[in-house]
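Close look at the chain arrangement
Listed below are the residues making up each chain.
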Amino acid sequence: MTRTTAKGRFITLEGGEGAGKTTLSRALAGALAARGRPVLRTREPGGAPGAEAIRGLLLGRGPWDPVAEAMLHFAARREHLARTVLPALESGIWVVCDRFADSTLAYQGAGQGLSRDVWERLCDLALGALRPDLTLVLDLPPERGMGRALSRGDANRYEQAGDAFHARVRAAFLEIAAREPGRCAVLDAGQPAEAVLGSALGLVTERLEG
Ligand code: TYD
């Protein structure tokens, strides 16, 4: 997938359970709109009708074969890109997306044992050259995040995975950010929400508007 006119910017929010991605997504979209940017908030898995149907399969009952599960995430992602994200970016809209391909590397890769090689091949197939312009990794010790996530009730299949799984997911996100410092930045999600938003806006100004 390629982008012909790159007027919009593609910002992804990543991190473990209960790290505050949804809160940040709402606040960041509001702040960007106040700066005069047209903004679309979206999420994965989901963000397009077919992708939302796949989300139901993924968050419902498993188990899935790990490669099949990753393929479902990428099928949903491709549908989301084709129907929602790319058309928005092409018409100059900034897209703030709650989770993207890094979540598959962290959850299905580090969490469930999918190899990096398979993940890269799926990225090539489903994304082509498209990558986020900025990825904000919200970092929080899993025990704090899981407390927040479980207090919301109705834990999904991933939220029910054990502590060791969530520790591997956290480490994987930090490793992804360390490997691609130009695209990614880590935010301390233990701070108050306003401070997290302030850091995020600072990064947007510095990296995307400079
Ligand atoms: P959601 O309720 O949206 O959780 P959160 O608020 O933490 O984003 O459910 C999405 C779940 O799907 C979440 O537990 C992480 C998981 N997930 C993957 O395992 N792989 C992926 O590629 C994506 C996008 C999400």
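Going by the structure above, here's the rest.
Residues numbered from 1 in each chain as written. Predicted model: local features only at pLDDT ≥ 70, side-chain atom pairs only at ≥ 80, totals over all residues. Heavy atoms only, no water.

**Here we look at the site of the ligand**
Not every one of the 16 residues close to the ligand is listed here, only the nearest: Glu17, Arg55, Arg99, Thr104 and Gln108. Within the side chain of Arg99, an N or O atom sits 2.7 Å from an oxygen atom of the ligand. For the ligand, an oxygen atom lies 3.3 Å from a polar atom in the side chain of Asn156. Cavity membership is defined here by more than half of the atoms lying within 2 Å of grid points; on that basis the ligand lies in the largest pocket. When contributions to the shell around the ligand are tallied by element, the ones reaching two or more residues are helix H2 (49–59), helix H3 (66–90) and helix H4 (101–111). At four residues, H4 tops the list of elements feeding residues into the shell around the ligand. Looking at side-chain class alone, the shell around the ligand contains four nonpolar, five polar and seven charged residues. (Near = heavy atom within 4 Å. Polar contact = N/O pair within 3.5 Å; in protein donor to acceptor, adjacent residues only side chain to side chain. 1 Å grid on protein atoms, 1.4 Å probe; cavity = no way out; pocket = protein on both sides within 12 Å on 5 of 7 lines; lining within 4 Å. Sits in = over half its atoms within 2 Å of the grid points. Helix = DSSP H or I, 4+ residues; strand = E, 2+ residues; numbered from the N terminus. Nonpolar A, V, L, I, M, F, W, Y, C, P; charged D, E, K, R; others polar.)

**Here we look at helix H7 (residues 163–179)**
Over its 17 residues, H7 extends 24 Å from the first C-alpha to the last, a length consistent with the 24 Å expected when each residue adds 1.5 Å. What H7 keeps buried is the set Phe165, His166, Val169, Ala172, Phe173, Ile176 and Ala177. The arc that holds every buried residue of H7, seen down its axis, measures 135 degrees, which confines them to one face. Summarising the geometry of H7, the exposed residues directed more than 90 degrees from the buried face are Asp163, Glu175, Ala178 and Arg179. Those residues of H7 hidden inside the fold are in contact with strand S1 (10–15), H4, strand S4 (134–139), helix H6 (142–151) and strand S5 (184–188). (Expected span 1.5 Å × (residues − 1). Buried < 20%, exposed > 50% of the residue type's maximum accessible area, 1.4 Å probe, protein only. Arc of directions from axis to C-beta. Contact = heavy atoms within 4.5 Å.)

**Looking at the nonpolar core**
Residues Phe10, Phe74 and Leu127 are the most contacted members of the largest nonpolar core, which totals 37 residues. Those elements giving two or more residues to this core turn out to be H2, H3, strand S3 (94–98), H4, helix H5 (116–127) and H7. The next biggest cluster of nonpolar side chains, apart from the first, holds 23 residues, and it includes Ile11, Ala31, Leu134 and Leu203. (Core = buried A, V, L, I, M, F, W, Y, C linked by side-chain atoms within 4.5 Å.)

**Brief notes about empty space enclosed by the protein**
It is a probe the size of a water molecule, rolled over the atoms, that shows where empty space is left. A complete count under the given rule lists two cavities of 30 Å³ or more for this structure. A volume near 120 Å³ is recorded for the largest cavity. Every residue lining the largest cavity is counted, 15 residues in all, and those nearest its centre are Gly15, Gly16, Glu17, Leu140 and Arg170. Residues that form the lining of the largest cavity fall into these classes: eight nonpolar, four polar and three charged. By volume, the second largest cavity is sized at about 40 Å³. (Points joined across faces, edges and corners; volume = space filled by probe spheres on them.)

**Section: the sheet that holds strand S2 (residues 39–43)**
In space, the five strands of this open sheet follow the order S2-S3-S1-S4-S5, with parallel pairing throughout. Pairing within the sheet leaves two strands with one partner each, and these edge strands are S2 and S5. Each adjacent strand pair in this sheet contributes to an overall mean axis angle of 20 degrees, direction not counted. Note: S4 against S5, five bridges, orientation parallel. Residue pairing in the sheet places Thr135 in a bridge with Cys184 of S5. Contacting S1, S2, S3, S4 and S5, helix H1 (residues 21–34) runs over the sheet at an angle of about 160 degrees to S1. (Pairing = 2+ DSSP bridges. Axes fitted to C-alpha atoms, helices over the stretch in contact; angles between N-to-C directions.)

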